[in-house]
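Notes for the structure review
So the chains spell out like this:
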Amino acid sequence: MPTRPEMLVQLEAGLRSRFFASVPKITKTNRQGWAEDQHDLDRLSRALAAYTIVRCCRVDDAVAVGAITDGSDDHGLDALFFDRARGRLVCVQSKFKRTGAAPSQEEVQKTINGLRALRARRFNEFNEAVRNRLDEIEEALETPGIRIELHMSFLGDAMGPHAMDDLNGYAAELNPLSLLFEWHTSGLGVVYNWLALEQAAASVDDQVVLENWAGVNAPRKAVYGQIRAAALAGLVENHGQALFERNIRLYLGTVGVNAAITRTVREAPNDFFYLNNGITIVAESIAQAQGDQRQCTFALTNCSIVNGAQTAGAIATATLDGHLSQEAKLMVTIIEIGGAVGDLEQRITKARNHQNVVRGVDFAALDPNQERLRQELAAAGAIYFYRPSAEAFARRDGAFSLEDAAVALACLRFKARSATELLAAEVARRPRPSNAIDFVTTAKKEIGRLWDQGGVLYSQLFPADLSGVRMYRLVKIYRFIDQILAGSEGAESSYQRRMFFRHGRYFIMAFVAHRSADVIEKPQLELSVEEQALLSRRTNQLSELIYSTSEPLQGYKGYLGIFRNLTDAQPLADTVLQRLAAEDAQSMAQPALPPV
């Protein structure tokens, strides 16, 4: 789970991307002395008010922005919305304070007094934004059974006891006969979970028509038969990627065999059933309609295609050129898995996909931790592809794949340790500590082992406590340093130095990370200009130190062999660590310069 600073970074990024275009800076006479960061916090606070309306009232962003009343003479009411469907007038007080401070007792009293003025119809005391909503406010106040619901949104964990006493006192004052008022708090954890849960894929509930079908009931229900290609294309069109949510891969585009599937379904529809392996669907439940063995409709709840994403995607692509023949059919197996207790769903997915050519990285997609990371990053406006897809192949600045993440984590997440430290742990019979040199040599020699879910490295690279913000930042740092080292390689005229920068890139990054905890550990998504300058300087300095240290090894082995073998890379790392320790000791021993 992300830390509090990481949650704050994601929430702020999400509010900016969703609301800043429609929540502009307010320029008024009384704000002429405001600094830009004051305006920025004001916009974030108003965006938080709008987002609270989105989540509490289930309206879209534009409607919620229209409900913002924050400003002079708002009487502590930052947003107002009459939720007719649920019988409530929703009022929001939002505080975007990065310190996590909750609304103070004074601020709460201001809001309570604002509610008193609202209920007393003293509308002339309010600003224009509130008065613009008088029609719905008066309708709410005059409708029997309507309650006022106050939501306090802020970046802390709990309200102060005195503020809560005041709110409870106001509730007791209004509610002796009927529920007319209630209040709720939404701290950082609650608001962050709103944002993250929005990124979860929607459940797919739909119906399929099977022809020439049969079924079994034990040990669990399953049906199998023919489905028309046009009907399958309709499912893909209606549900998109959500239909493949539990597959190891999404549609990879019209490449290789997919192009042949598209061509066959259009040009040889009668042969398609015989030439295609079919698809597998898992569903939480299967309900059968009245029908016979020739044709019957089945309702599927929370279903997903776990094998056949390429077939389904290729058929959907074929419909772009026109309607498909009703004679084009394929085999489908539908398995009822209930609530998916245990690992049944994963076993079905693995077994059905092992019949095709897949890579280890494909099965890493079955790790639920990967979906959590995707949701966290999506909440912050970043795109993480942990399953292969056509989109994942396009490298973009705000997007990256599981492979990108694995290499960045391998190079930057762990400390470089000496052989002496590793031996001490062995002698003391302690677990071997994570060592950056183990990871970078593996990345150079057998990169696929990094994302092999059954291997020992994957769980260290992607532990349950890894946050999306941290992973995104490491990818950003990796790409930045990689550009520097690629530039160094291209600028070198010496063959030996070119090979050093080409094959020693991961090793160099490990030592840049070793010396750059001050940059790596920050919970921001993006690198500042100052941080980029610092990383650039350290990368160049450490490259030269490592190169000079490695030169004696060139007498008997090339750089490719050195950096892909632990037996060569670990002694080199030991020497580099010794030189860095000597430099640190020398730096500390130097007397401070007298003040100028």
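Each remark here, short or long, concerns the structure printed above.
Residues numbered from 1 in each chain as written. Predicted model: local features only at pLDDT ≥ 70, side-chain atom pairs only at ≥ 80, totals over all residues. Heavy atoms only, no water.

**With respect to the overall build of the chain**
So the rule is basically this: Only DSSP runs of H or I with at least four residues qualify as helices, and only runs of E with at least two residues qualify as strands; both kinds are numbered from the N terminus onward. Residue contacts are defined here by distance: any two heavy atoms, one from each residue, within 4.5 Å place the two residues in contact. In short, Shrake-Rupley with a 1.4 Å probe defines the accessible areas, and a residue's cover is counted only from the protein chains shown. Positive residues here are Lys and Arg, negative ones are Asp and Glu, while His and the chain termini are left out of the count. We put the charge of a Lys on NZ, of an Arg on CZ, of an Asp on CG and of a Glu on CD.
Along the backbone of the chain there are 26 helices and 13 strands. The dimensions of the chain, computed from C-alpha atoms along their principal axes, are 90 × 90 × 50 Å. For the chain, contacts bridging at least 24 residues in sequence account for 72% of all contacts bridging at least 6. Accessible area for the chain stands at about 27,800 Å²; split by element, carbon and sulfur atoms hold 51% of it. Of the side chains in the chain, 66 bear a positive and 71 a negative charge, and the two mean positions are spaced by 4 Å.

**As for the nonpolar core**
Cut-off, in case you're wondering: Working definition of a nonpolar core: buried Ala, Val, Leu, Ile, Met, Phe, Trp, Tyr and Cys residues. They are joined through side-chain atoms within 4.5 Å. Note on classification: 1.4 Å probe, protein chains only; a residue is buried when its accessible area is under 20% of the maximum for its type, exposed when over 50%, partly exposed between these limits.
Judged by nonpolar contacts, the single largest core of 74 residues is most densely connected at Tyr-384, Leu-412, Leu-450, Phe-462, Met-471, Phe-507 and Phe-511. In terms of residue count, helix α20 (residues 468-491) provides more of this core than any other element does, 11 residues in total. Core analysis: the second largest hydrophobic core is formed by 37 residues, Val-204, Ile-227, Ala-229 and Cys-303 among them.

**Quick notes on the packing of aromatic side chains**
Inclusion rule: Within 6.5 Å between ring centres, the rings of Phe, Tyr and Trp (the latter by its six-membered ring) count as paired, and their orientation is classed by plane angle as stacked under 30 degrees, edge-to-face over 60, tilted in between. Only when the NZ atom of a Lys or the CZ atom of an Arg is both within 6 Å of the ring centre and within 35 degrees of the ring normal do we say a charge sits over the ring.
Taken as a whole and judged by the stated rule, the model has 18 aromatic pairs. Where Phe-273 meets Tyr-274, the ring centres are 5.4 Å apart and the plane angle is 85°; that geometry is what we call edge-to-face. We classify Phe-273 as partly exposed; its relative accessible area is 26%. Judged by centre distance (6.2 Å) and plane angle (40°), the rings of Tyr-384 and Tyr-386 are tilted. The structure contains a cluster of three or more aromatic residues connected by ring pairs, namely Phe-500, Phe-501, Phe-507, Phe-511, Tyr-547, Tyr-559 and Phe-563. Just above the ring of Phe-20 sits the side chain of Arg-43; from NZ or CZ to the centre is 4.1 Å. Lying over the aromatic face of Tyr-547, Arg-497 brings its terminal NZ or CZ to 4.7 Å of the ring centre.

**Section: unusual backbone geometry**
Between Ala-218 and the following residue, Pro-219, the backbone shows a cis peptide bond with an omega angle of 0°. Mapping Pro-219 onto the fold places it in the loop between β5 (206-216) and β6 (222-228). Phi at Arg-121 takes a positive value of approximately 60°, unusual for a residue other than glycine. Residue class for Arg-121 comes out partly exposed when judged on its relative accessible area of 36%. Its identity as a non-glycine residue notwithstanding, Asn-302 has a phi of 50°, on the positive side. By the secondary structure assignment, Asn-302 is in the loop between β9 (295-301) and β10 (304-307). Asn-302 sits in the partly exposed class, given a relative accessible area of 25%.

**As for helix α22 (residues 505-514)**
Among the 10 residues of α22, nine are classified as buried, and the element is accordingly described as predominantly covered. Of the positions making up α22, those classed as buried are Arg-505, Tyr-506, Phe-507, Ile-508, Met-509, Ala-510, Phe-511, Val-512 and Ala-513.

**Looking at the pattern of salt bridges**
Rule in force here: In what follows, salt bridge is the name for a side-chain nitrogen of Lys or Arg lying within 4 Å of a carboxyl oxygen of Asp or Glu.
Summed over all chains, the structure comprises 43 salt bridges. Measuring nitrogen to oxygen at the nearest pair gives 2.7 Å for the salt bridge that ties Glu-173 to Arg-116. One end of the pair, Glu-173, is in helix α7 (residues 161-174); the other, Arg-116, is in helix α4 (residues 105-119), with 57 residues separating them in the sequence. Accessibility expressed as a relative area gives 33% for Arg-116, which makes it partly exposed. Linking Glu-211 and Lys-329 is a salt bridge whose minimum nitrogen-to-oxygen distance equals 2.7 Å. One end of the pair, Glu-211, is in strand β5; the other, Lys-329, is in strand β11 (residues 329-336), and 118 residues separate them in sequence. Of the two residues examined, Glu-211 and Lys-329, each falls in the buried class.

**So, the pairing of β6**
Within a regular strand, side chains alternate between the sheet's two faces. Here is the rule we go by: Paired strands, as defined in this entry, are two strands with at least two bridges between them according to DSSP.
With respect to burial, β6 is a largely interior element, five of its seven residues being buried. Pairing of β5 with β6, which is carried by four bridges, proceeds in the antiparallel orientation. Counterpart to Ala-214 in the pairing with β6 is Tyr-224. Here β5 folds back onto β6 in antiparallel fashion, the turn holding five residues. Pairing of β6 with β11 involves seven bridges; the strand directions are antiparallel. Looking across to β11, one finds that Tyr-224 is bridged to Thr-333.

**Structural notes on the pairing of β5**
Taken together, the six bridges between β5 and β9 define a ladder with antiparallel strand orientation. Among the inter-strand pairings, Val-208 is bridged to a residue of β9, identified as Phe-298.

**What about the sheet that holds β9?**
This is how the line gets drawn: Working convention: axes come from line fits to C-alpha atoms, limited for helices to the stretch in contact. Angles between N-to-C directions cover 0 to 180 degrees.
On the basis of which strands lie adjacent, the open sheet formed by seven strands has the order β8-β9-β5-β6-β11-β7-β10 and mixed pairing. The sheet is open, and its two borders are formed by β8 (285-288) and β10, each paired with just one other strand. For this sheet the average axis-to-axis angle between neighbouring strands, irrespective of direction, equals 40°. Here strand β7 (residues 279-283) runs beside β11; their pairing, made up of five bridges, is parallel. Looking across to β11, one finds that Ile-281 is bridged to Ile-334. Its contacts with the sheet place helix α9 (residues 229-239) against β5, β6, β7, β10 and β11, and it is angled at close to 100° to β6.

**Looking at the packing of α4 against α7**
This is how it is decided: What sets the label is the angle itself: under 35 degrees gives roughly parallel, over 145 gives roughly antiparallel, 65 to 115 gives roughly perpendicular, and the rest give oblique. Handedness of each helix crossing follows the sense of rotation of the near helix against the far helix: counterclockwise by less than a right angle gives left-handed, clockwise gives right-handed. Gly counts as polar in this scheme, as do all residues outside two lists: the nonpolar Ala, Val, Leu, Ile, Met, Phe, Trp, Tyr, Cys and Pro, and the charged Asp, Glu, Lys and Arg.
Between α4 and α7, the shortest axis-to-axis distance is 8 Å and the interhelical angle comes to 20°. Viewed along their axes, α4 and α7 adopt a mutual orientation that is roughly parallel. Note that α4 runs across α7; the crossing there is right-handed. Counted together, Gln-105, Val-108, Gln-109, Ile-112, Leu-115, Arg-116 and Arg-119 of α4 and His-162, Ala-163, Asp-166, Leu-167, Tyr-170, Glu-173 and Leu-174 of α7 form the full contact between these two elements. For the contact of α4 with α7, a count of residues per class yields seven nonpolar, three polar and four charged.

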